[in-house]
Amino acid sequence: MKIFSKIKLFMLIFFSLNINAYACDFIKVPMGTFISAIEDQYDYLPDTSSDEWGSETLKYNYDTSNFCDDDLLKNSYMNIFVKEKKLIGIEIEGIDVDKNINQLLKFSEINFGLKDEQAKKENWVGVVDLSTGGKSILYGKVMGLDGIYESIEITTPAYGDFLIMGDVVEMNQ
């Protein structure tokens, strides 16, 4: 009986560790967090020691794998929005239409509770609002020149207006 209990305990621990290996803790960082407070956890964050950009919204582009070890995000890139040295938004976008079929949809189902049957349709384009608890989360599909691309945007209502492209300075890494 003790052996059976030990095997169950071992399996529980093993599967718990395995689930965490495919997490994306970066999407859980609260918007408004100073970059300096999380730079030790994430090596690829931008250097915010300079005051060069003042109150401009800065957009940094990265391979998502720099921040998330999740197979559903392997064919995507991540835009990180910074304003006044604070994280104000995260945008994850699919790279390849052929390789990224509903991967962000599946990620949104698991992490944000997306249950929209319309969004699962092959040719659907649009946006589903998954906002909850002060977080603004949007899952969307957009028609591109070569097919439909998926995206997820995470911010807060207070910072949402600062992510509009006309007011954003794109930073090259």
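Everything in this summary refers to the structure shown in the same document. All values reported here derive from a predicted model rather than from experimental measurement. (Residues numbered from 1 in each chain as written. Predicted model: local features only at pLDDT ≥ 70, side-chain atom pairs only at ≥ 80, totals over all residues. Heavy atoms only, no water.)

**What to know about the overall build of the chain**
When its secondary structure is counted, the chain shows three helices and seven strands. Along the chain, helices (α) and strands (β) appear in the sequence α-α-β-β-β-α-β-β-β-β when read from the amino end. Taken across its 173 residues, the chain has 40% of its residues classed as buried. Partitioning the contacts of the chain with sequence separation of at least 6, the portion at a separation of at least 24 is 51%. (Helix = DSSP H or I, 4+ residues; strand = E, 2+ residues; numbered from the N terminus. Buried < 20%, exposed > 50% of the residue type's maximum accessible area, 1.4 Å probe, protein only. Contact = heavy atoms within 4.5 Å.)

**Some points on the state of the cysteines**
The final tally for this structure, using the stated rule, is one disulfide. One disulfide bridge connects Cys-24 with Cys-68, the sulfur atoms lying 1.8 Å from each other. Placement of the pair is Cys-24 in the loop between helix H1 (2-20) and helix H2 (35-38) and Cys-68 in the loop between strand S1 (57-63) and strand S2 (76-83), with a sequence separation of 44 residues. A single burial state applies to Cys-24 and to Cys-68, both of which are buried. (Disulfide = S-S within 2.5 Å.)

**Focus: the pairing of S2**
Summarising burial for S2: seven of the eight residues are buried, a large majority. With seven bridges connecting them, S1 and S2 associate as antiparallel partners. Looking across to S2, one finds that Asp-63 is bridged to Tyr-77. Where S2 lies against strand S3 (residues 86-94), eight bridges are found, and the strand directions are antiparallel. By the bridge assignment for S3, Met-78 is matched with Ile-92. Taking the residues that link successive antiparallel strands as the turn, the S2-S3 hairpin has two residues, and the phi of Glu-84 there is positive, at about 50°. (Pairing = 2+ DSSP bridges.)

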